[in-house]
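Here's the letter readout for the chains.
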Amino acid sequence: MSPPRFVHLHVHTEYSLVDSTVRIPALMARCATERMPAVALTDQNNVFGLVKFYRKALAAGVKPLVGVDLRIYNDDEPARPYKLVLLVQDNDGYRNLSKLVTQSYIEGQYRGEAMVRREWLTAKSCDGLIALSGGLHGDIGHALHAKHDDQARSLLDGWCDVFPNRFYLELVRTGRSGEEQCVRASLALASETGTPVVATNDVRFIEPGDFNAHEARVCIHEGRVLADAERPRNYSAQQYLRSADEMAELFADVPEALANSVEIAKRCNLDLKLGGSVLPAFPIPQGQDEAAYLETQARRG
């Protein structure tokens, strides 16, 4: 069997609620048919689908990669948060990701959307996590699109401090405005700094023909109608689960971006123990066990 050439590391499912029609059973069926060795779950600011995804992936013989498409508060335009894709490298990384996502819902709400503050992302809080820059929609991508190259370099230095040897510039080619310019600028920045690059397809649906259903879902969320000429077109019909052959053709000029997707998949190894209850360790007075202390407190009301 030939070695894998590409792994999807940026995939939203129906658990993203606002912008994906990907159902997990259908995703795993396609991965099995295409003989994809691994696939990532990176829903928007949540891991609601984690257990279902993990079980279905193992049942299909696909390595489950777990992550989040994180929204980061943008001080200049709060309604347009930056994007950063985090992938769990190990169990410590999973615990850190869980803490960050929880914190975003408790402390980071902005107009009903959970966001992470940049200062929360430190080398300690992000240990065990691999980061992808978010392409055009990350802070580096924004800076490159605006031709603020010095700012992009500074942002990259900051992220590399948080994610030493675990930060990748994300390259996306789905036909949307500004993407190719961002890819070219990202490649130049990568060459200048020695930063690795990785290709993704920012997946929102499985088949190309699913685009209209996806757009309907987006319109429902935004309170718009499909025929509205004024509504924003933030997605393209190319954001489907491309095959490895399609991705190889799309990034034939950047083979390392394909190879790095496979290497990242190898680096991510989350071992979840499902099916049992995990209760928090509750402090009890010296000389008592948990059962006796619970009974005492219950009798006191």
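Up top you'll find the structure we're talking about.
Now for a description of the structure that goes with this document. (Residues numbered from 1 in each chain as written. Predicted model: local features only at pLDDT ≥ 70, side-chain atom pairs only at ≥ 80, totals over all residues. Heavy atoms only, no water.)

A few words on the overall build of the protein. On a plain count of helices and strands, the protein comes out with 10 helices and 8 strands. Its C-alpha atoms give the protein a radius of gyration of 21 Å, near enough to 19 Å, the size a compact globule of 301 residues would have. In the protein, which comprises 301 residues, the share counted as buried stands at 49%. Across the protein, the fraction of contacts at a sequence separation of at least 24, relative to all contacts at a separation of at least 6, is 75%. Counting only carbon and sulfur atoms, one obtains 51% of the accessible surface of the protein, whose full area is about 15,000 Å². For the protein, the separation between the mean place of its 34 positive charges and that of its 40 negative charges on side chains is 4 Å. (Helix = DSSP H or I, 4+ residues; strand = E, 2+ residues; numbered from the N terminus. Rg over C-alpha atoms; globule rule 2.2 N^0.38 Å. Buried < 20%, exposed > 50% of the residue type's maximum accessible area, 1.4 Å probe, protein only. Contact = heavy atoms within 4.5 Å. Areas by Shrake-Rupley, 256 points an atom, 1.4 Å probe, with all protein chains shown as cover. Lys, Arg positive; Asp, Glu negative; His and termini not counted. Charge placed at Lys NZ, Arg CZ, Asp CG, Glu CD.)

Mapped onto the fold, H10 is located in the segment before helix 1 (24-33). Taking the relative accessible area as the measure of exposure, H10 reaches 1% and is therefore buried. Among the polar contacts made by the side chain of H10, one reaches the side chain of E170 at a distance of 2.7 Å. Discounting chain neighbours no more than four positions away, the residues touching H10 are T42, D69, K83, V85, E170, T200, D202, V203 and R204. (Polar contact = N/O pair within 3.5 Å; in protein donor to acceptor, adjacent residues only side chain to side chain.)

On to a nonpolar patch on the surface. On the surface, a nonpolar cluster with roughly 450 Å² of combined accessible area is contributed by L17, F48, Y105 and I106. In this structure, I106 sits in helix 3 (residues 91-107). (Patch = residues over 30% accessible without salt bridge, like charges linked within 9 Å, V, L, I, M, F, W, Y side chains within 5 Å. Salt bridge = Lys/Arg side-chain N within 4 Å of Asp/Glu carboxyl O.)

Attention shifts here to helix 10 (residues 290-300). For helix 10, a buried count of 1 out of 11 residues is recorded, marking the element as mostly open to its surroundings. Positive phi appears at G301, one or two residues downstream of helix 10, with a value of about 85 degrees.

Estimates place the volume of the largest pocket at around 1,400 Å³. Around the largest pocket, the lining comprises 47 residues; the ones closest to its centre are R71, A79, R80, P81 and E113. Within the residue set of the lining of the largest pocket, elements represented by two or more residues are strand 3 (82-88), strand 4 (109-110), strand 5 (113-114), helix 4 (139-145) and helix 7 (211-222). Ranked by the residues each element gives to the lining of the largest pocket, the list is headed by helix 4, at 4 residues. Approximately 310 Å³ is the volume attributed to the second largest pocket. What lines the second largest pocket is a set of 13 residues, and nearest its centre among them are P4, R5, E34, R35 and A244. (1 Å grid on protein atoms, 1.4 Å probe; cavity = no way out; pocket = protein on both sides within 12 Å on 5 of 7 lines; lining within 4 Å. Points joined across faces, edges and corners; volume = space filled by probe spheres on them.)

Before going further, it helps to spend a moment on the packing of helix 5 (residues 149-162) against helix 6 (residues 179-193). Think of two packed helices as two axes; the pair is described by the angle between the axes and how far apart they sit. One way to put it is that helix 5 packs onto helix 6 with a least axis distance of 11 Å and a crossing angle of 60 degrees. One finds that helix 5 runs oblique with respect to helix 6. Viewed along their axes, helix 5 and helix 6 form a crossing whose handedness is right-handed. For the pair helix 5 and helix 6, contact is made by A152, R153 and L156 and by L189, E192 and T193, respectively. (Axes fitted to C-alpha atoms, helices over the stretch in contact; angles between N-to-C directions. Parallel < 35°, antiparallel > 145°, perpendicular 65-115°, else oblique. Left-handed = near helix turned anticlockwise from the far one by under 90°.)

Next up on the list: empty space enclosed by the protein. Inspection of the entire model under this criterion finds 1 cavity of 30 Å³ or more. Of the pockets and cavities examined, the largest cavity occupies roughly 90 Å³. Taken together, 14 residues line the largest cavity, and the ones lying closest to its centre are G134, G135, L136, V172 and E179. Broken down by secondary-structure element, the contributors of at least two residues to the lining of the largest cavity are strand 7 (167-172) and helix 6. Of the residues that constitute the lining of the largest cavity, the class distribution is 5 nonpolar, 4 polar and 5 charged. (Nonpolar A, V, L, I, M, F, W, Y, C, P; charged D, E, K, R; others polar.)

With that settled, consider the nonpolar core. L27, L84, L86, L121, I140, F163 and F167 are the most contacted members of the largest nonpolar core, which has 59 residues in total. For F163, the residues in contact, after removing those within four places along its chain, are L84, L86, C126, L129 and A131. Formed by 15 residues, the second largest nonpolar core is a distinct cluster that contains L65, V85, L87 and V198. (Core = buried A, V, L, I, M, F, W, Y, C linked by side-chain atoms within 4.5 Å.)

Of all 6 residues making up strand 7, 6 are buried, and the element is well covered by its neighbours. Where burial is concerned, the two faces of strand 7 agree: the one with F167, L169 and L171 and the one with Y168, E170 and V172 are both buried. Looking at chain direction, strand 6 (residues 129-132) and strand 7 are connected through 2 bridges and run parallel. Note that in strand 7 the partner of A131 across the bridge is F167. A crossover links strand 7 with its parallel partner strand 8 (residues 197-200), the connecting element being helix 6, and its sense is right-handed. (Pairing = 2+ DSSP bridges. Right-handed = clockwise from strand over helix to strand, strands pointing away.)

With that settled, consider helix 3. Relative to the 24 Å expected for 17 residues at 1.5 Å per residue, helix 3 spans 24 Å between its end C-alpha atoms, a close match to the ideal helical length. If you check which residues of helix 3 are buried, you get G93, N96, L97, L100, V101 and S104. Looking straight down helix 3, one finds its buried side chains confined to an arc of 135 degrees; they lie on one side. Pointing more than 90 degrees away from the buried face of helix 3 are the exposed residues K99, I106 and E107. Structurally, helix 3 contributes buried residues whose contacts are with strand 2 (63-72), strand 3, strand 4, strand 5 and strand 6. Capping of helix 3 at its N-terminal end is provided by D90; its side-chain oxygen lies 3.2 Å from the backbone amide nitrogen of D92. (Expected span 1.5 Å × (residues − 1). Arc of directions from axis to C-beta.)

Note that all results are geometric; they support no functional claim without further evidence.
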